[in-house]
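Residue-level listing of the chains:
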Amino acid sequence: MNADYHIHTKLCKHARGEMEEYVEQALRIGLKEIAFTDHIPLPDNFDTAHRMAYHELEGYVNKIQQLQKSYPDIIIKTGIEADFYDGFEDYLYQTLNRFQFDLVIMAVHFVKGWGKSNWAFSYYFPDKSLKQIYSEYLQAVKRGINTGLFNIVGHLDLIKSEDYSVLELNENEVKDILQAAKEQNMAVELNTSGLCKSINEIYPNLNMLPMIAEKDLPITFGSDAHQPERVGFYFNELREDIAVYPSLKYARFENRQINTILQNKIIC
Ligand SMILES: [Zn+2]
Ligand SMILES: [Zn+2]
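Let me sum up the structure you'll find in this document. Counting from 1, residues in each chain are numbered in the order their sequence is written. Lettering for chains starts from A, numbering for ligands starts from 1, and both go in the order in which the items are written. Local features in a predicted model are, by the rule used here, given only for residues with pLDDT of at least 70; side-chain atom pairs are given and counted only at 80 or more, and totals for whole chains, interfaces and linings are based on all residues. The basis for every side-chain value is the complete set of non-hydrogen atoms in the structure, without hydrogens or water.

Some words on the overall build of the protein chain
Filter applied, for reference: Each helix is a run of DSSP H or I of at least 4 residues and each strand a run of E of at least 2, with the numbering of both proceeding from the N terminus. Our radius of gyration is a C-alpha quantity, and the globule rule it is checked against amounts to 2.2 Å times the number of residues to the power 0.38. Only the protein chains shown count as cover for residues, with accessible areas throughout obtained via the Shrake-Rupley method and a probe of 1.4 Å.
Check the secondary structure of the protein chain and you find eight helices and nine strands. Against the globule reference of 18 Å for 268 residues, the protein chain gives a C-alpha radius of gyration of 17 Å, in line with a compact fold. Referenced to the eigenvectors of the C-alpha coordinate spread, the extents of the protein chain come out at roughly 55 × 45 × 35 Å. Just so you have it, the protein chain exposes about 11,900 Å², and 46% of that area is on carbon and sulfur atoms.

Here it is as structure tokens:
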């Protein structure tokens, strides 16, 4: 499986490059399939600075379909990265059903009640333990999964600090989340963008891989590219990392239906 299922576009206002450049980079490095998954617009003018406007969604979807016609040598999926945020469920349901998406990545970037725009990256809770903070984040992830609105658990441990992995502090909650994802027929994303951030590791930490394999949860690879040259970043190395879990399967999506394929199966 040679697919990058997490790619942004400049519509989100914090990525750069033309969509054609992302496709051409994917072709250059030999990917067979990609999905554009830009940040979904949210209601109530929520975080408009980091996402396309609602009226741009239609053009985004059409553009992906045009690109598929222009580049027949690669499969280009229509995806979206959708934020789970308490209270937005109805909006997401409506919006996700208005367009024909192949896949929807769930992202928890904001936790309701956390202050400072509820942005999960800038939390500051001197009175809470790290375990408690992780727990609040993981509970939001679990609520998101249980809505059944999404296909892929994106960057599952985005909240992690350099001090402790999420699995070290909150193992039971991680198990619960993986079980919930299994019940919702989801895949878990291995997101390489963390390697370019100060945390300097993949999301989720690869120490979760044995549990993911044991639950028979399929995985996707996502670069979370916000610039064309990041497409497929670190995928060759990641393929070696996961080869030690031969039972791990890749997920593919079409019209929000999941299919799984074994690691050694080559798509021609
Ligand atoms: Zn982004
Ligand atoms: Zn993303």
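Continuing now.
Some details on the coordination of the zinc ion (ligand 2)
Short version of the rule: Metal-coordinating donors are taken as N, O and S atoms lying within 2.8 Å of the metal, or within 3.2 Å when the metal is Na, K or Ca; because water is left out, some sites can appear incomplete. Relative accessible area decides the class of each residue, using a 1.4 Å probe on protein chains only: under 20% of the type maximum gives buried, over 50% gives exposed, and in between gives partly exposed.
Those donors, His6 (NE2), His8 (NE2), Glu81 (OE) and Asp224 (OD), are the protein atoms that reach the zinc ion (ligand 2), and they lie 2.0 to 2.1 Å from it. Summarised as a motif, the one-chain spacing of the donors to the zinc ion (ligand 2) is H-x1-H-x72-E-x142-D. Between the zinc ion (ligand 2) and the zinc ion (ligand 1), a separation of 4.7 Å is found. Of this pair, His6 sits in strand 1 (residues 3-7) while Asp224 is found in the loop between strand 7 (219-222) and helix 8 (235-242), placing the two residues 218 residues apart along the sequence. Judged on exposure class, the residue His6 and its partner Asp224 are both buried.

Some words on the environment of Thr9
Within the secondary structure, Thr9 is located in the loop between strand 1 and helix 1 (19-28). Spatially, the C-alpha atoms of Thr9 and Ala187 are 23 Å apart, while their sequence positions differ by 178 residues.

Things to note about the pattern of salt bridges
Rules: Salt bridges are identified by distance alone: a Lys or Arg side-chain nitrogen within 4 Å of an Asp or Glu carboxyl oxygen.
According to the stated counting rule, one finds 14 salt bridges in the structure shown. With a closest N to O distance of 3.0 Å, Glu136 and Lys128 form a salt bridge. The network of salt bridges with shared partners includes Asp47, Arg51 and Asp83.

Here's the deal with the packing of aromatic side chains
Definition in use: Only the six-membered ring of Trp is used, alongside the rings of Phe and Tyr, when aromatic pairs are assigned; centres must lie within 6.5 Å, and planes under 30 degrees apart are stacked while those over 60 apart are edge-to-face, with the rest tilted.
Within the structure shown, the criterion is met by 13 aromatic pairs. Ring plane angle 45° and centroid distance 5.0 Å describe the contact between Tyr85 and Phe88, whose orientation is recorded as tilted. Take Phe88: its relative accessible area is 6%, and that puts it in the buried class. Here Phe221 and Phe235 contribute two aromatic rings whose centre-to-centre distance is 5.1 Å and whose plane-to-plane angle is 70°, an arrangement assigned as edge-to-face. Of this pair, Phe221 sits in strand 7 while Phe235 sits in helix 8, and the two are 14 residues apart along the sequence. Given a relative accessible area of 3%, Phe221 falls into the buried group. The class for Phe235 is buried, based on a relative accessible area of 1%. Counting every residue linked through ring pairs, the aromatic cluster contains Phe46, Tyr85, Phe88, Phe110 and Trp119.

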